[in-house]
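Examining the three-dimensional arrangement
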Amino acid sequence: MKCKFCNKEAEVTIRYPRMHLCENHFKEYCENRVKNVIDKHRLIEKDEKLLVAVSGGKDSLVLAYILNKLGYEFEGLHIDLGIEDYSEMCKKSSKKIFSEIGLPLHIVKIKKLLGRGIGEVKTRRPVCSYCGLTKRYIMNKFAYDNGFTAVATGHNLDDESAFVFSNILHWNIDYLSKQGPLLEAEDKFVKKIKPLYELRDKEISLYASFAKIEHVTKKCKYARGATSIKYKKFLDILEKDNPGIKLNFIRGFLRNRKIFKKKDFELRECEICRMPSQGKRCAFCRFWRLKEPLMFQ
Ligand code: SF4
Ligand code: ZN
Ligand code: ZN
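- Where an unreviewed UniProt entry is consulted, the chain appears under the name PP-loop domain protein, with the organism given as Methanothermus fervidus.

Describing the UniProt feature "domain: 2-thiouridine synthetase TtuA-like N-terminal LIM" (unreviewed entry) in the chain
- UniProt feature "domain: 2-thiouridine synthetase TtuA-like N-terminal LIM" (unreviewed entry): in the numbering of this structure it lies at residues 2–26.
- The annotated region residues 2–26 carries 16% helix and 32% strand content, and the separation between its end C-alpha atoms amounts to 13 Å.

Let's talk about the nonpolar core
- Ranked by size, the top nonpolar core spans 50 residues in total, and within it F26, L50, V52, L67 and F74 carry the most contacts.
- Dropping the residues within four chain positions of it, V52 is found in contact with L63, A64, L67, F74, E75, G76, L77 and A152.
- The next biggest cluster of nonpolar side chains, apart from the first, holds 38 residues, and it includes L51, Y130, Y137 and V151.

Some details on the coordination of the zinc ion (ligand 2)
- Every protein donor of the zinc ion (ligand 2) is accounted for by C3 (SG), C6 (SG), C22 (SG) and H25 (ND1), and the metal-donor separations fall at 2.1 to 2.3 Å.
- Coordination at the zinc ion (ligand 2) is tetrahedral, judged from the 4 donor atoms that bind it and the angles of 100 to 113° they form at the metal.
- For the zinc ion (ligand 2), the single-chain donor residues occur in sequence as C-x2-C-x15-C-x2-H. Residues C22 and H25 agree in their burial class; the two are buried.

Details of the pattern of salt bridges
- As enumerated under the stated definition, the model contains 28 salt bridges in all.
- Between D159 and K232 there is a salt bridge whose closest N-O contact spans 2.7 Å. Separated by 73 residues along the polypeptide, D159 in helix 6 (residues 157–169) and K232 in helix 9 (residues 227–241) bring together distant segments of the chain.
- Using a relative accessible area of 19% as the deciding quantity, one classes D159 as buried.
- Linking K178 and D174 is a salt bridge whose minimum nitrogen-to-oxygen distance equals 3.3 Å. Residue K178 and its partner D174 are located together in helix 7 (residues 173–178), separated by 4 residues, close to a single helical turn.

Rules of the game
- Residues numbered from 1 in each chain as written.
- Chains lettered and ligands numbered in written order.
- Predicted model: local features only at pLDDT ≥ 70, side-chain atom pairs only at ≥ 80, totals over all residues.
- Heavy atoms only, no water.
- UniProt positions renumbered as here; feature names shortened; annotations may be inferred.
- Helix = DSSP H or I, 4+ residues; strand = E, 2+ residues; numbered from the N terminus.
- Core = buried A, V, L, I, M, F, W, Y, C linked by side-chain atoms within 4.5 Å.
- Buried < 20%, exposed > 50% of the residue type's maximum accessible area, 1.4 Å probe, protein only.
- Contact = heavy atoms within 4.5 Å.
- Donors = N, O, S within 2.8 Å, 3.2 Å for Na, K, Ca; no water.
- Tetrahedral: all angles 85-135°; square planar, octahedral: opposite > 155°, others 65-115°.
- Salt bridge = Lys/Arg side-chain N within 4 Å of Asp/Glu carboxyl O.

Take a look at the structure:
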């Protein structure tokens, strides 16, 4: 089978939109998809001070690689979660890609900042739940404190379709109203963007292997119970028989998102960190029992 765009043998078959592509044209297809999402949703403005959050996994590293290839200027942020050798591997891969593309990478170590790593806190709260809270807070606070105007993350089509699907099943209207490739800045919340919004998990894996991007493939030991995996598996079954269903689902959701009305919470300042909060103290300061705001050196 020949590539749709040149005379080379095709190495990849994309089921929706159906086409056969050689390695180079497949990479170009992925890069164009990212560029289209950025342009269509106006994710990156001129003079944007962009921070790209990298975990060490394929999605965020491919994101940094493609954004650099597309000519965007940015800095990276890696949060070292302190999960034994897993975190060491993640840090190594993140450092490697940033040294290859020649852009600065900031590393924030949770153990150093908060005294304990993820998984070392005695709590009834599930590990992934407070890990998520901690990552979201640090990404935003680091960006805000350092004058970044946008934070990019590596969420992909499979993550996003599973997230929307699960929130529709549970009628989490407030989450749905805020879902999408762009979450505008508000108060001290820095703008969040997801340029890989229309790329599939498998496409990103393939891109990483063609572009020789070393990334961590080992799963975090706390990932096993994550409910999002079940939703992903279910959508994979649907996609198998109906190629393109995830993409159409997510695009249809964006067209109709306005039917989910955002609840207006009254935000005040957390008395500890001065970041926006619904109560006297924000969820992060409450969870980590902070007495003083988090300071990044
Ligand atoms: Fe954090 Fe859970 Fe992801 Fe591990 S699997 S990095 S604990 S959110
Ligand atoms: Zn080709
Ligand atoms: Zn706080």
